[in-house]
Amino acid sequence: MKRGGRSLVSSPPAFSNDAKKLRVSTISNATGLQTEDAETEDDLETSGTDEDDDLTVCGPSTVATSSFTKRVEYKLSKVEADDLSKKKWKYTWEVPAADISNCKWVGTGECFLKDDDLSSNYGLKQKLYKHWLDVYKTSGGNDFHSSKQRWFFSLCNSYRDILHGEKKPFYHKGLEEDSNIMDAYLMHSLNHIFRTRDLVRKNNAKIDKHQMNGKEEILPGDNFLDQGFTRPKILILLPLRSIALRVIERLIQLTPANSKVNVEHIDRFYKDFGSEEVSSDEEEEQSKNAKTKKPSKPSDHQSLFKGDTRDDFMIGIKFTRKTIKLYGDFYSSDIIVASPLELMTKFGKAEKNKELDTDYLSSIEVVIIDHADVISLQNWSFLTSVVERLNHIPSKQHGTNVMRIRPWYLDGFARFYRQTIILGYYLNPDMNALFNHHCVNYQGKVKSVREHRGVLPKVLSQVRQIYERFDASSIADVDDARLEYFEKKVFPKIKDSDQGGIMLFASSYFEFVRLRNFLKSQNASFCLLGDYTNQKDISRARVWFFEGKRKIMLYTERIHFYRRYKIRGIRNLIIYSLPERKEFYYEIVNMLEGSDDLACTVLFSQYDKLQLERIVGTATAKRMIKSEKGVFVFC
């Protein structure tokens, strides 16, 4: 069948590995079909009140095509797809990040960051723009055009892949910045969903009119290619239920009033995800306790781990004309909010039971990964597995009208149209690898780059901090090279010394296991505080170490992140690998006790640049990596 015409079909066969070879044999009335937006009359009713329903951005004197329309109308060629698959990105421009000190944005292609037309609604649908403006003014804002949330929305609305690794999170006194960015990506999500829905509705209306006029059943052009394999278009990946609560609550608040006359299952939502509301009596009691008792954990830890910290959740959200439906079937939802862990559980169940599947991820067009730094301290491989499973051709039909599927889905090009937004407190090699290898958006990439000042001045005690560089031939060899250097250069000094109170800090569980096995092989006197150590063994290990019954304590960044222990009895600190979180460096160094000969030894290589520059500063890190000498001392 020619792609230049539209045939109204029903009952197409299930998808095969080559969806482009699908053939249909029955022609019927389009309104009798189940499309991705078809469920109830309320869903299908076209809104005639929205000034922006024509999917263009209209100002008093200009008519500009929206970035959404440009995206859906673009036809990617096989040559372009092959070039994108080579993953050779060249960042050709940069602009200062006005809201972040010593930071800039760099991007591929042509620079699009310019002063937007104030009359254009910034690419937002009219009703979304008016509502967001009202919310902004109600919260005390007076210059929406210059606001951080408006600026970041414009970045999202470019549909480019975004890597923002310098976002100050809400739990590090960055509530305003975090909220601004969250508002921006949520408005972008709503805008994408509403525009997609309007396009489908308009085409449904045209098809109905065509049939009512008794015209031939072939409609010309590609204008009716408006759907994917399945309905869900937005996937938001988050680490904790408490964070999902913040995001979904704000999503509801940012939805215009006439689109949320009813929010279904809101009581169930608060039961499952908790509520941050605190009664006045409880608030007064908490305030009294805070004044009489010093908190045992830092303020950022208290803020992050307030509320429900479980990491197993997944919820579908569907928007109809007047209702937000929480807990909708995933195939009938517009947005899916989930943790990587829960999606991995779904994958596992689908592999064991052929009746189950995760095809609802086949047509995701915008992926938002917020608080990627927290996810990295859970299990980053889960996140990578989730991204790898996006945009695959589904195993089943799921009631899709094949003749309205956009060409890029049938061509297997969906991943080249998918926008991925990665947001975190810091960057690490895993985040960079995900962005470089799994984000292949044809529209290009934008990422933040920052000059760090370092945190060495926050080390309070007079500690000699000795940085020792080891050489590694490649990033694949760095783990073996690190362990070899430790075995030959560092451990002999520990083994021959009678001094106890030695803490050995490792940033990853993989390194923790390798060190544990090595220490066992050497019959070393050591105890463990690892990711999976139970509470009884932790308490015993802390006492043994403090009393000198164990010479070495092996400690990980992940357990410090979740528990923030104050370890007593440290006389000599060996940082086997630098922590990802810069504040953990001075927190742990400041645990050193005693007044004489306190020492801290840090191992690093050229492949630890991201961690090193956050701690010693970008300029200093560059010198340390390129210098001919390999030992550096800070006091």
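Everything here concerns the structure above.
A brief look at the structure comes next. (Residues numbered from 1 in each chain as written. Predicted model: local features only at pLDDT ≥ 70, side-chain atom pairs only at ≥ 80, totals over all residues. Heavy atoms only, no water.)

**What about the overall build of the protein chain?**
- Helices and strands together make up the secondary structure of the protein chain, namely 23 helices and 22 strands.
- Put simply, the protein chain has 635 residues, and 55% of those count as buried.
- Pairs at least 24 apart in sequence give 78% of the contacts found in the protein chain among residues at least 6 apart.
- Per element, the accessible surface of the protein chain, about 28,900 Å² overall, is 49% carbon and sulfur. (Helix = DSSP H or I, 4+ residues; strand = E, 2+ residues; numbered from the N terminus. Buried < 20%, exposed > 50% of the residue type's maximum accessible area, 1.4 Å probe, protein only. Contact = heavy atoms within 4.5 Å. Areas by Shrake-Rupley, 256 points an atom, 1.4 Å probe, with all protein chains shown as cover.)

**Thoughts on the sheet that holds strand S13 (residues 366–369)**
- Here 11 strands make up an open sheet; going across it, the order is S4-S5-S15-S6-S14-S13-S8-S12-S10-S11-S9 and the pairing mixed. Among the strands making up the open sheet, the edge pair consists of strand S4 (91–96) and strand S9 (262–264). In this sheet, neighbouring strand axes are inclined to one another by 15° on average, regardless of whether the strands run parallel or antiparallel.
- Here strand S8 (residues 234–237) runs beside S13; their pairing, made up of four bridges, is parallel. Across the sheet, Leu235 pairs through a bridge with Val367, a residue of S13.
- The sheet contacts of helix H5 (residues 148–157) involve strand S5 (103–108), strand S6 (161–164), strand S14 (419–423) and strand S15 (445–450), and relative to S6 the element is tilted by about 135°. (Pairing = 2+ DSSP bridges. Axes fitted to C-alpha atoms, helices over the stretch in contact; angles between N-to-C directions.)

**Comments concerning the nonpolar core**
- One finds Tyr185, Val337 and Ile369 to be the most contacted residues of the largest nonpolar core, which totals 116 residues.
- Both domains that meet at this core, namely domain 1 (67–111 + 123–211 + 224–274 + 301–450) and domain 2 (456–634), each give it at least three residues.
- Tyr185 has contacts with Cys156, Leu238, Val247, Ile368, Asp370 and Leu423, leaving out every residue within four places of it along the chain.
- Counting residues in each nonpolar core, the second largest holds 37 residues, with Phe545, Val602, Ala621 and Met624 among its members. (Core = buried A, V, L, I, M, F, W, Y, C linked by side-chain atoms within 4.5 Å. Domains from an automatic or database assignment.)

**A closer look at the environment of Ile335**
- Summarising the element assignment, Ile335 is placed in strand S12 (residues 335–338).
- Assessed through its relative accessible area of 0%, Ile335 is described here as buried.
- Spatially, the C-alpha atoms of Ile335 and Pro232 are 5.7 Å apart, while their sequence positions differ by 103 residues.
- Once residues lying within four places of it in the same chain are set aside, the contact partners of Ile335 are Ser189, Ile193, Ile234, Ile236, Leu251, Ile315, Gly316, Ile317 and Phe319.

**Focus on the packing of aromatic side chains**
- Using the criterion set out here, one finds 37 aromatic pairs in the structure.
- With a centroid separation of 5.0 Å and an interplanar angle of 80°, the aromatic rings of Phe491 and Phe518 are classed as edge-to-face. Of this pair, Phe491 sits in helix H17 (residues 478–495) while Phe518 sits in helix H18 (residues 509–521); the two residues are 27 residues apart in sequence, bridging distant segments of the chain. Taken individually, Phe491 and Phe518 each receive the classification buried, so the pair is uniform in this respect.
- Geometrically, the ring pair formed by Phe561 and Tyr562 is edge-to-face, given 4.9 Å between the ring centres and 80° between the ring planes.
- One aromatic cluster is present, built from ring pairs that chain together Tyr74, Phe229, Trp408, Tyr409, Tyr417 and Tyr442.
- Between Lys445 and the ring centre of Trp89, over which it is positioned, the NZ or CZ distance is 4.6 Å.
- A cation sits over an aromatic face here: Lys445 above Phe435, 4.0 Å from the ring centre. (Phe/Tyr/Trp six-rings, centres within 6.5 Å; stacked < 30°, edge-to-face > 60°. Lys NZ or Arg CZ within 6 Å of the ring centre and 35° of its normal.)

**Concerning empty space enclosed by the protein**
- All chains considered together, the criterion is met by four cavities of 30 Å³ or more.
- A volume near 70 Å³ is recorded for the largest cavity.
- Asp99, Ile100, Trp105, Lys148, Trp151, Phe152, His164, Glu177, Asn180 and Ile181 are the residues that line the largest cavity.
- Every element with two or more residues in the lining of the largest cavity is listed here: H5 and helix H6 (175–212).
- Residues belonging to the lining of the largest cavity are distributed by class as follows: five nonpolar, two polar and three charged. (1 Å grid on protein atoms, 1.4 Å probe; cavity = no way out; pocket = protein on both sides within 12 Å on 5 of 7 lines; lining within 4 Å. Points joined across faces, edges and corners; volume = space filled by probe spheres on them. Nonpolar A, V, L, I, M, F, W, Y, C, P; charged D, E, K, R; others polar.)

**Quick notes on the sheet that holds strand S16 (residues 464–469)**
- The strand order S18-S19-S17-S20-S21-S16-S22 describes an open sheet built from seven strands, whose pairing is mixed. Every other strand in the sheet has two partners, leaving strand S18 (526–529) and strand S22 (631–634) as the edge strands with one partner each. Going from strand to strand, the sheet's axes swing by 20° on average, the running direction of each strand aside.
- Pairing of S16 with S22, which is carried by four bridges, proceeds in the antiparallel orientation. Bridging from a neighbouring strand, Gln465 pairs with Phe634 of S22.
- Along the sheet, helix H19 (residues 535–547) contacts strand S17 (502–506), S18 and strand S19 (552–556); its crossing angle with S18, the most-contacted strand, is approximately 140°.
- Along the sheet, helix H23 (residues 618–626) contacts S16, strand S21 (599–604) and S22; its crossing angle with S16, the most-contacted strand, is approximately 50°.

**Some words on the pattern of salt bridges**
- This structure, assessed with the given rule, holds 30 salt bridges.
- The closest approach of N and O atoms between Glu365 and Arg406, which form a salt bridge, is 3.5 Å. Taken together, the positions of Glu365 in the loop between helix H11 (340–352) and S13 and Arg406 in the loop between helix H13 (380–388) and helix H14 (407–410) put the pair 41 residues apart, joining distant regions of the chain. This pair shows no difference in class: Glu365 is buried, exactly as Arg406 is.
- One salt bridge connects Arg558 with Asp531, and the closest N-O pair in it is separated by 3.8 Å. Of this pair, Arg558 sits in helix H20 (residues 557–563) while Asp531 sits in the loop between S18 and H19, and the two are 27 residues apart along the sequence.
- The network of salt bridges with shared partners includes Arg71, Glu365 and Arg406. (Salt bridge = Lys/Arg side-chain N within 4 Å of Asp/Glu carboxyl O.)

**As for the packing of H11 against H13**
- Relative to each other, H11 and H13 sit at 60°, their axes nearing to 9 Å. Between H11 and H13, the angle is such that the two are oblique. Here H11 and H13 pass one another in a crossing that is left-handed. Contacts from Pro340, Leu341, Leu343, Met344 and Phe347 in H11 reach Phe382, Leu383, Ser385 and Val386 in H13.
- Its residues assigned to classes, the contact of H11 with H13 shows eight nonpolar, one polar and no charged. (Parallel < 35°, antiparallel > 145°, perpendicular 65-115°, else oblique. Left-handed = near helix turned anticlockwise from the far one by under 90°.)

**A word on unusual backbone geometry**
- Its identity as a non-glycine residue notwithstanding, Asn391 has a phi of 65°, on the positive side.
- Inspection of the secondary structure assignment puts Asn391 in the loop between H13 and H14.
- Residue classification places Asn391 among the buried positions, given a relative accessible area of 13%.
- The phi dihedral of Arg564 is positive, around 50°, even though this residue is not glycine.
- By the secondary structure assignment, Arg564 is in the loop between H20 and strand S20 (572–575).
- Since its relative accessible area comes to 6%, Arg564 is described here as buried.

**Describing the pairing of S18**
- Across four bridges, the pairing between S18 and S19 is parallel. Bridging across to S19, Cys527 finds its partner in Met553.
- Handedness of the crossover joining S18 and S19 through H19 is recorded here as right-handed. (Right-handed = clockwise from strand over helix to strand, strands pointing away.)

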